[in-house]
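Chain residues, written in single-letter form:
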Amino acid sequence: MKKIGLLVAGFIAAMVLISNLGPLVGLGVSLLVLYFVVKQFLKTNSTAGKIGWGIAGFIILMATASNVPAILGIAAAYVLYLVYKNWDKKEEAIHEANDPFVNFEKQWAQLNNK
């Protein structure tokens, strides 16, 4: 039963990940360009250069913000990782020692043997 749940969760996560591949690529590229723009902004000493890089950075930041659905893709990739990690885990056996009725039976047997 656990495998069926993992299979369903993995299938849904895979579909979400596939449907968000475009925004994921867009987010990656825009973050890379934004990193380059910020680096150039910090290197520039002139005021005109700072204004130009600041405007370019703002435009790229808006492009990055438009790829917010990629966060769903990142979450789906994490769910797929969890499904992969938990696929071959063994289910833990239920310990009968914690069952109050089993303990009662053991204590009753001890009282009868005395």
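Calculation criteria
- Residues numbered from 1 in each chain as written.
- Predicted model: local features only at pLDDT ≥ 70, side-chain atom pairs only at ≥ 80, totals over all residues.
- Heavy atoms only, no water.
- Axes fitted to C-alpha atoms, helices over the stretch in contact; angles between N-to-C directions.
- Helix = DSSP H or I, 4+ residues; strand = E, 2+ residues; numbered from the N terminus.
- Parallel < 35°, antiparallel > 145°, perpendicular 65-115°, else oblique.
- Contact = heavy atoms within 4.5 Å.
- Nonpolar A, V, L, I, M, F, W, Y, C, P; charged D, E, K, R; others polar.
- Left-handed = near helix turned anticlockwise from the far one by under 90°.
- Buried < 20%, exposed > 50% of the residue type's maximum accessible area, 1.4 Å probe, protein only.
- Polar contact = N/O pair within 3.5 Å; in protein donor to acceptor, adjacent residues only side chain to side chain.
- UniProt positions renumbered as here; feature names shortened; annotations may be inferred.

- Named according to an unreviewed UniProt entry, the protein chain is Flagellar basal body rod protein originating from Mesobacillus boroniphilus.

### Examining the packing of helix α2 (residues 21–43) against helix α4 (residues 70–86)
So, point 1. Between α2 and α4, the shortest axis-to-axis distance is 8 Å and the interhelical angle comes to 105°. With respect to α4, the element α2 is oriented roughly perpendicular. Counted together, Pro23, Leu24 and Leu27 of α2 and Ala70, Gly73 and Ile74 of α4 form the full contact between these two elements.
So, point 2. Class assignment of the residues belonging to the contact of α2 with α4 gives a composition of 5 nonpolar, 1 polar and no charged.

### Notes on the packing of helix α1 (residues 2–19) against α4
So, point 1. For the pair α1 and α4, the least separation of the axes is 8 Å and the interaxial angle reads 150°. The angle between the axes of α1 and α4 places the two elements in the roughly antiparallel class. As α1 packs across α4, the resulting crossing turns out to be left-handed. For the pair α1 and α4, contact is made by Lys2, Leu6, Ala9, Gly10, Ala13, Ala14, Val16 and Leu17 and by Leu72, Gly73, Ala76, Ala77, Val79, Leu80, Val83 and Asn86, respectively.
So, point 2. Among the residues forming the contact of α1 with α4, the class breakdown is 12 nonpolar, 3 polar and 1 charged.

### Comments concerning the side chain of Thr44
So, point 1. Looking at the element boundaries, Thr44 is found in the loop between α2 and α3 (47–65).
So, point 2. By relative accessible area, Thr44 is classed as buried at 15%.
So, point 3. From its side chain, Thr44 meets the backbone oxygen of Gln40 in a polar contact 2.8 Å long.
So, point 4. Polar side-chain contacts of Thr44 include one of 3.5 Å to the side chain of Trp53.
So, point 5. Ignoring anything within four residues of it in the chain, the contact list for Thr44 reads Gly49, Lys50 and Trp53.

### A short note on the UniProt feature "transmembrane region" (unreviewed entry) in the protein chain
So, point 1. Summarizing the sequence annotation, UniProt attributes the feature "transmembrane region" (unreviewed entry) to residues 7–38 and 58–84 in the numbering used throughout.
So, point 2. In residues 7–38, helix accounts for 97% and strand for 0%; the two terminal C-alpha atoms are 43 Å from one another.
So, point 3. Secondary structure content for residues 58–84 is 85% helix and 0% strand, while the C-alpha to C-alpha distance between its ends is 39 Å.

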